[in-house]
Amino acid sequence: MADWKDVWNDAVKAATGKLKSAGGDAHEYMKDIVAAHKKSLASLLAAFTDGKIDQATMEAELEDEQRVLKAELLAVQAIGKKAAQDAANAFFDVIETAALKGIGGLL
Amino acid sequence: MTIRPSTRRLRFAAALFATALALGACKVRLIDSYNRESEEGLLRTYGKIESLFDAMTDATEPGARVYSRFADRYAEIHELIRVQVLREDMRPLNAESRGIVAQIDTVFTRYRADHRKDNGFNPALTDRHRDVMRRLFTAAVKAERAKADSDDRY
């Protein structure tokens, strides 16, 4: 029968594996978000400075920029939620499998 | 009272069985499952938006920028967005996608209203607005794909 200390360690390893994988995806996406946000603000300021847009337009565009950022952060949040869900389920799957194996060994 | 080894074994098996049963019955659910139809709806809508901005970029003369020339495209896209809003609203554990599509709806509604009100648009903003839409739809698709399990294909 499996040692429960090993089972516990395997369960933690399975959970952290899921978190690490999704953490990388979220990190890459965050980098893209920051770069796009920076580029977008720079182009907006340039358009305003060059007189291509007025103050009211600039303010409306800045509001939209906030909306985009909010949407992007919601996507990052979805990635995080799925990672947490997968991690919790991977953790319990290992324990469940070990419990079922233990029953098999006893019967 | 001493418990015989065979009884102890049985009790332990029963405890393991209860543990396995409890763990098997309660999967953790924080977010809805991946929905292919939802992703396809987003991509289809985004395709129409790209087409709208292509047409706007091609409208080099001020006379070609009047709202009536684009009204049908706006209406079609807006309808697709509203369907997507409804689709996301109906799904449980879906606050993120619901929030993103709501932002898409708000921003696109403003673009349409401004074009209608001014009966034209500022060409200096066309690329910017296309980029805003691309970023919003990227966020929506990413949020949908985040829900996929390894055996889901998108």
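Residues numbered from 1 in each chain as written. Chains lettered and ligands numbered in written order. Predicted model: local features only at pLDDT ≥ 70, side-chain atom pairs only at ≥ 80, totals over all residues. Heavy atoms only, no water.

Participant: Summarise the overall build of chain A; cite the residues concerned and give the values.
Facilitator: Counting secondary structure elements, chain A contains two helices and zero strands. C-alpha atoms of chain A, sized along the principal axes, occupy 80 × 15 × 15 Å. Here chain A holds 107 residues, and the buried ones make up 36% of them. Looking at chain A alone, contacts between residues at least 24 apart form 81% of all its contacts between residues at least 6 apart. (Helix = DSSP H or I, 4+ residues; strand = E, 2+ residues; numbered from the N terminus. Buried < 20%, exposed > 50% of the residue type's maximum accessible area, 1.4 Å probe, protein only. Contact = heavy atoms within 4.5 Å.)

Participant: Before we move on, could you go through helix α3 (residues 71-90) of chain B and cite the residues and values that matter?
Facilitator: One turn of the α-helix equals 3.6 residues, which is why residues spaced by three or four share an orientation. Residues and elements named next belong to chain B. Helix length check: α3, at 20 residues, gives a terminal C-alpha distance of 29 Å against a target of 28 Å (1.5 Å per residue), a fit within 8%. Within α3, burial applies to Y74, I77, H78, I81, Q84, V85, R87 and E88. Where α3 is buried, its residues touch α2 (36-58), α4 (95-118) and α5 (126-146). (Expected span 1.5 Å × (residues − 1).)

Participant: Please provide a residue-by-residue account of the interface of chain A and chain B, values included.
Facilitator: On the chain B side, the residues contacting the 42 residues of chain A number 37 residues. For the pairing of chain A and chain B, the buried interface totals around 3600 Å² over both sides, and the portion due to carbon and sulfur atoms is 63%. At the boundary of chain A and chain B, one finds nine salt bridges. If you look at where chain A meets chain B, you find 17 residue pairs in polar contact (both at pLDDT 80 or more). Elements supplying a minimum of two residues to the side of chain A that touches chain B: α1 (4-49) and α2 (55-106) of chain A. The greatest single-element share of the side of chain A that touches chain B, amounting to 32 residues, is contributed by α2(A). Here the side of chain A that touches chain B is built from residues that sort into 21 nonpolar, nine polar and twelve charged. (Buried area = accessible area lost by both parts, 1.4 Å probe. Salt bridge = Lys/Arg side-chain N within 4 Å of Asp/Glu carboxyl O. Polar contact = N/O pair within 3.5 Å; in protein donor to acceptor, adjacent residues only side chain to side chain. Nonpolar A, V, L, I, M, F, W, Y, C, P; charged D, E, K, R; others polar.)

Participant: Please provide a residue-by-residue account of unusual backbone geometry, values included.
Facilitator: All names here are of chain B. Phi is positive for L93, which is not a glycine, with a value near 50°. For L93, the location among the structural elements is in the loop between α3 and α4. One non-glycine residue with positive phi stands out, namely N119, at about 50°. Relative to the helices and strands, N119 is located in the loop between α4 and α5. The exposure class of N119 is partly exposed, given its relative accessible area of 41%.

Participant: Just give me the short version of the confidence of the model for chain B, but keep the residues and values in it.
Facilitator: Of all residues in chain B, 94% attain a pLDDT of 70 or more, and the chain-wide mean is 92. Both scores are available for the predicted complex, with the pTM at 0.88 and the ipTM at 0.88. (pLDDT = per-residue confidence, 0-100.)

Participant: Let's hear about the nonpolar core: which residues, and what values?
Facilitator: By size, the foremost hydrophobic cluster in this structure holds 44 residues, and its most contacted members are B:F70, B:I100, B:F108, B:M133 and B:L136. Not counting residues up to four positions away in its chain, the partners in contact with B:I100 are A:A71, A:L74, A:A75, B:L136, B:A139, B:A140 and B:A143. One finds A:V7, A:A11, A:A15 and A:F91 within the second-largest nonpolar core, a separate group that totals seven residues. (Core = buried A, V, L, I, M, F, W, Y, C linked by side-chain atoms within 4.5 Å.)

Participant: Lay out the packing of α3(B) against α4(B) with the relevant residues and their values.
Facilitator: All names here are of chain B. Two elements in contact, α3 and α4, have axes whose closest approach is 9 Å; the angle formed by their N-to-C orientations is 160°. The angle between the axes of α3 and α4 places the two elements in the roughly antiparallel class. Pair α3 / α4 crosses with left-handed handedness. For the pair α3 and α4, contact is made by Y74, A75, I77, H78, I81, R82, Q84, V85, E88 and D89 and by S97, R98, V101, I104, D105, F108, T109, Y111, R112 and H115, respectively. (Axes fitted to C-alpha atoms, helices over the stretch in contact; angles between N-to-C directions. Parallel < 35°, antiparallel > 145°, perpendicular 65-115°, else oblique. Left-handed = near helix turned anticlockwise from the far one by under 90°.)

Participant: Explain the packing of aromatic side chains to me, and be specific about the residues and the numbers.
Facilitator: Evaluated as defined, the whole model comprises six aromatic pairs over all chains. Ring geometry for A:W8 against A:F91: centres 5.2 Å apart, planes inclined by 85°, an arrangement best described as edge-to-face. Linking A:W8 in helix α1 with A:F91 in helix α2, this pair joins segments that are 83 residues apart in sequence. Given the relative accessible area of 49%, A:W8 is considered partly exposed. When the ring of A:F91 is compared with that of A:F92, the centres are 5.3 Å apart and the planes differ by 80°; the resulting orientation is edge-to-face. Judged by relative accessible area, which is 16%, A:F91 ranks as buried. Here A:F92 falls in the partly exposed class, since its relative accessible area comes to 29%. One aromatic cluster is present, built from ring pairs that chain together A:W8, A:F91 and A:F92. Over the ring of B:F121 we find B:R65; its NZ or CZ atom is 5.8 Å from the centre of that ring. (Phe/Tyr/Trp six-rings, centres within 6.5 Å; stacked < 30°, edge-to-face > 60°. Lys NZ or Arg CZ within 6 Å of the ring centre and 35° of its normal.)

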